[in-house]
Amino acid sequence: MKKLAQGILLVEPLLLAMIVAVFWLAGTTDRLWALVLFVPPMIARLMLYRRLWVSTWLSFLLYAFLALCAINTSIALTNPAAAPYSWGWWMMGRPLMGVALALSIASIIYERGTTKGTVLVILLLSLLVGVLGLVSAQYVTTKSGQLQALIDFVPKFTHFPGAVGGFNVNEIGGAMAFFAPFAAGIAFYDWRVRGAPLRRIIATGGFILLAFALTLGQSRLAIFGVLLALFALTFLLIPAGRWRYGILAVLIAFTGFQIYLVTDAGAADTSSSEVLSARDASSIDVRFEIWNSALSIIRDHPLSGAGLNMFRASMVRNQYPAPGFGTGVLPHAHDELLQVGSDVGIPGLILFVAWQIVLIVMLVQTWRHGEAFTRAAAVSAGAALMAHAFFGLGDAITLFDRFIFAYWLFVGIAAGAYVHTIRPAEISES
């Protein structure tokens, strides 16, 4: 039985990949069966280590959040005519998947005593996300018009399963905001120490691809979030000297280029610049309306919010309108903190903020005490989370979004690097 358990844990990464794929491709209620794939590794881990996953303070906060979601849903179903509202129990599928994914990744890193395998898998995934960001984005003329000549040369593929018609540039931009800093951090480390040539090439190529796709898509919060993360990584991973100053010079130049695009200085004519400026002003005004709508939900329902992922629901939109947005579907609160608050109220928001603080503490401890590559992996994961957090100030990939798996991947790396650093790995037991 012990060998069987070891074999199951050996193939656990494949099971995790299957789960993520199913949650991406399958319909809302059809994907829940994939949660069963978490069970064999959990049983195997229980047999070998007498636990389901490696335990940290983060684990308890995540469990508490899931419990709160369950209470929220239970209350909603007993009184469907009043907030909190509910789509049903299946709405808990993505949070369950995400928490289990993060804790599984942390356990894999801890038990195998290394972050290297996980990092390589995430880098390969970065390449896929970069390709999708480049060829499957729904480029917006009023945002990317100055780069249209480059966009015209990019091949188009708008039939990716689950995203027929292409990705909204802000949605795919939010996803790339996770992967671009991570790839850059690993590339910085590997070029500095001349480590793992294949990983170095994948990380460098992935970052270049992601940076190019972000530039063409002009998801501005994602771009500037990534730039902030890159400045931080430069100071953390590259010693003072000509290489650091050279990279800082490139980043400053690239930041200037992005400001040039954002301020419409490169518009072909005055009328085009005026159109772009008017669009930006309108976008800001609409965001204030959306934020006010979310704040009103939290004010009226501080303990429960409107219900899991109910911000977009018609009954909520009718009660808390954002007139400037128009008649289309308003998918989220365009701020990740406000989204959580409108989903599960102030208690859920407190838990959400608390586990971000715990993640920061974990990353700091790993940076102080970890070995070289683990430190680089942890700080790169932290940069990914930081870049996306900046994006989340004015946009959102919610806890119920298809790209949310990316968030949980980096939570898992951060937690895994921490427990690998702070507690001895249990390799001898496996």
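Cut-offs and rules
Residues numbered from 1 in each chain as written. Predicted model: local features only at pLDDT ≥ 70, side-chain atom pairs only at ≥ 80, totals over all residues. Heavy atoms only, no water. 1 Å grid on protein atoms, 1.4 Å probe; cavity = no way out; pocket = protein on both sides within 12 Å on 5 of 7 lines; lining within 4 Å. Points joined across faces, edges and corners; volume = space filled by probe spheres on them. Helix = DSSP H or I, 4+ residues; strand = E, 2+ residues; numbered from the N terminus. Nonpolar A, V, L, I, M, F, W, Y, C, P; charged D, E, K, R; others polar. Phe/Tyr/Trp six-rings, centres within 6.5 Å; stacked < 30°, edge-to-face > 60°. Buried < 20%, exposed > 50% of the residue type's maximum accessible area, 1.4 Å probe, protein only. Lys NZ or Arg CZ within 6 Å of the ring centre and 35° of its normal. Axes fitted to C-alpha atoms, helices over the stretch in contact; angles between N-to-C directions. Left-handed = near helix turned anticlockwise from the far one by under 90°. Contact = heavy atoms within 4.5 Å.

(A) Expanded view of the layout of surface pockets. The volume enclosed by the largest pocket comes to roughly 1,300 Å³. The set of elements that each furnish at least two residues to the lining of the largest pocket consists of helix 2 (12–25), helix 9 (169–193), helix 11 (220–237) and helix 13 (270–300). The element contributing the most residues to the lining of the largest pocket is helix 13, with 10 residues. Of the residues contributing to the lining of the largest pocket, the split by class is 20 nonpolar, 14 polar and 12 charged.

(B) Highlighting the packing of aromatic side chains. For the structure shown, the criterion picks out 19 aromatic pairs. The interplanar angle of 45° and the centroid separation of 5.6 Å between the aromatic rings of phenylalanine 167 and phenylalanine 403 together place this pair among those described as tilted. Of this pair, phenylalanine 167 sits in strand 2 (residues 167–168) while phenylalanine 403 sits in the loop between helix 16 (372–391) and helix 17 (404–422), placing them 236 residues apart in sequence. Each member of the pair, phenylalanine 167 as well as phenylalanine 403, is classed as buried. Put simply, the rings of Phe65, Phe178, Phe179, Phe182, Phe352, Trp355, Tyr407, Trp408 and Phe410 touch in pairs and so form one group of aromatic residues. The ring of tryptophan 367 is capped by arginine 375, whose NZ or CZ atom sits 4.0 Å from the centre of that ring.

(C) Summary view of the packing of helix 9 against helix 17. Where helix 9 meets helix 17, the closest approach of the two axes is 9 Å, and the angle between their N-to-C directions is 35°. As for the relative orientation of helix 9 and helix 17, their crossing is left-handed in sense. The residues of helix 17 that touch helix 9, namely those facing Phe178, Phe179 and Phe182, are Ala406, Tyr407, Leu409, Phe410 and Ile413. By residue class, the composition of the contact of helix 9 with helix 17 is eight nonpolar, no polar and no charged.

(D) Summary view of the environment of isoleucine 397. With respect to the helices and strands, isoleucine 397 occurs in the loop between helix 16 and helix 17. Each C-alpha atom of the pair isoleucine 397 and glutamate 289 lies 19 Å from the other, and the pair is 108 residues apart in sequence. With near-sequence residues (within four places) excluded, isoleucine 397 lies in contact with Glu171, Gly174, Ala175, Glu336, His388, Phe391, Phe403 and Ile404.

(E) Quick look at empty space enclosed by the protein. Tallied over the full model, the rule gives two cavities of 30 Å³ or more. Put simply, the largest cavity is a space of about 40 Å³. Lining the largest cavity, in full, are Val20, Phe23, Trp24, Arg94, Met97, Asp401, Arg402 and Phe405. Those elements that place two or more of their residues in the lining of the largest cavity are helix 2 and helix 5 (93–112). Looking at which element gives the most residues to the lining of the largest cavity, the answer is helix 2, with three residues. For the lining of the largest cavity, the residue count by class is five nonpolar, no polar and three charged. In this structure, the second largest cavity spans a volume of roughly 30 Å³. Taken together, the elements giving at least two residues each to the lining of the second largest cavity come down to helix 5 and helix 17. Taken together, the residues that form the lining of the second largest cavity break down as five nonpolar, two polar and no charged.

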